[in-house]
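Single-letter residue listing:
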Amino acid sequence: MRPSWDEYFLKLAMLASERATCPRMHCGCVLVKDRYVLSTGYNGSLPGSPHCEDEGCLVVDNHCVRTNHAEMNAICQAARHGVSLDGATAYVTNMPCTTCAKALIAAGIRRVVIFSDFHDTFAGRFFSESGVVLERMPMPCREISYDLSAYPSAKGFDPAGS
Ligand SMILES: [Zn+2]
Ligand SMILES: [Zn+2]
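An account of the accompanying structure is given in this report. The structure displayed is predicted, hence computed values, not measured ones.

## A few points about the pairing of strand E6 (residues 111–116)
Phase 1: When strand E5 (residues 89–94) meets E6, the two strands line up parallel, connected through five bridges. If you follow Ala90 over to E6, its bridge partner there is Val112.
Phase 2: Between the parallel elements E5 and E6, the chain passes through helix H4 (residues 98–106) in a crossover that is right-handed.
Phase 3: Strand direction decides the pairing type here: E6 and strand E7 (residues 133–136), joined by four bridges, are parallel. If you follow Val113 over to E7, its bridge partner there is Glu135.

Following this line, the structure appears as structure tokens:
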């Protein structure tokens, strides 16, 4: 079935999360305005730093502090490219942590859509105090349905070149 816009962008956030490098949590974030993707992010190490997957997590108070969170990376990518996030929507796989919630609010995000919760966060409180709309949706279908054989003019690529 054709996904709604919200399902589509949440699914993109799931796709971004596949790039995450911390085994404790895989998160993805997509920042959208007027149905255009402005930026994406996943939780991963800073440029030049080793990955949790390779060197283990850096755990402080039961949280891995090695990775920059998905929301932060999406915001930072926008900053690098001079893209304003004012009035945008954040699609995130998980409820943001307190720090990311504050950054999203300060960056001008007005709506946050998630499908999974996260414990010990003040995100909900800060969102409501700042008038940011928080919406919880069901997790989108985990499968991508793309069937080349359904399109007669499309051909699959044959890696063997035969
Ligand atoms: Zn980690
Ligand atoms: Zn966070």
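## Quick word on the pairing of strand E1 (residues 28–33)
Phase 1: Of all the six residues making up E1, five are buried; the element is thus mostly covered by neighbouring parts of the structure.
Phase 2: Between E1 and strand E2 (residues 36–42), which pair antiparallel one after the other, the connecting turn spans two residues, and Asp34 there sits at a positive phi close to 50°.
Phase 3: Note: E1 against E5, four bridges, orientation antiparallel. Counted as the bridge partner of Val32 is Thr89 from E5.

## With respect to the packing of helix H3 (residues 70–80) against H4
Phase 1: At a minimum axis separation of 9 Å, H3 and H4 run at an interaxial angle of 30°. Considering the angle they form, H3 stands roughly parallel to H4. As for how H3 packs across H4, the hand of that crossing is left-handed. Taking contact as the criterion, the partners of Glu71, Met72 and Ile75 in H3 are, on H4, Cys100, Ala103 and Leu104.
Phase 2: Classifying every residue of the contact of H3 with H4 by side-chain character gives five nonpolar, no polar and one charged.

## Examining unusual backbone geometry
Phase 1: The phi dihedral of Asp61 falls on the positive side, at around 50°, and the residue is not glycine.
Phase 2: You can see Asp61 is positioned in the loop between strand E3 (59–60) and strand E4 (63–64).
Phase 3: A positive phi angle, near 65°, is found at Asn62, a position not held by glycine.
Phase 4: For Asn62, the location among the structural elements is in the loop between E3 and E4.

## With respect to the sheet that holds E1
Phase 1: The five strands lie next to each other as E2-E1-E5-E6-E7, forming an open sheet whose pairing is mixed. Because the sheet does not close on itself, it has two edges, and the strands there are E2 and E7. Averaged over all neighbouring strand pairs, the angle between strand axes comes to 20°, with direction disregarded.
Phase 2: This element, helix H1 (residues 5–17), spans E1, E2, E5 and E6 of the sheet and lies at about 140° to E1.

The rules behind each value
- Residue numbers run consecutively from 1 along every chain, following the written order of its sequence.
- Numbering of ligands from 1 and lettering of chains from A proceed in the order in which they are written.
- Only residues with pLDDT of 70 or above have their local features reported here, since the model is predicted, and side-chain atom pairs are shown and tallied only from 80 upward, although totals for entire chains, interfaces and linings are computed over all residues.
- Any two strands with at least two DSSP bridges between them are considered paired.
- Put simply, DSSP H or I for four residues or longer makes a helix, DSSP E for two residues or longer makes a strand, and each gets a number counted from the N terminus.
- Orient the strands so they point away from the viewer; a crossover is then right-handed if the path from the first strand over the helix to the second runs clockwise.
- Think of it as a crowd count around each C-beta: if 20 or more other C-beta atoms lie within 10 Å the residue is buried, if 12 or fewer it is exposed, and in between it is partly exposed, with C-beta placed from the backbone throughout.
- Inter-axis angles, ranging from 0 to 180 degrees, are taken between N-to-C directions of lines fitted to C-alpha atoms, where helices are fitted over the stretch in contact.
- Note on angle classes: values under 35 degrees are labelled roughly parallel, values over 145 roughly antiparallel, values of 65 to 115 roughly perpendicular, and the remainder oblique.
- Each crossing gets its hand from how the near helix is turned against the far one by less than a right angle, where anticlockwise is left-handed and clockwise is right-handed.
- Contact criterion: two residues are in contact if their C-beta atoms, reconstructed from the backbone, are within 7 Å.
- Asp, Glu, Lys and Arg are counted as charged, while Ala, Val, Leu, Ile, Met, Phe, Trp, Tyr, Cys and Pro are counted as nonpolar; the rest, among them Gly, fall into the polar class.

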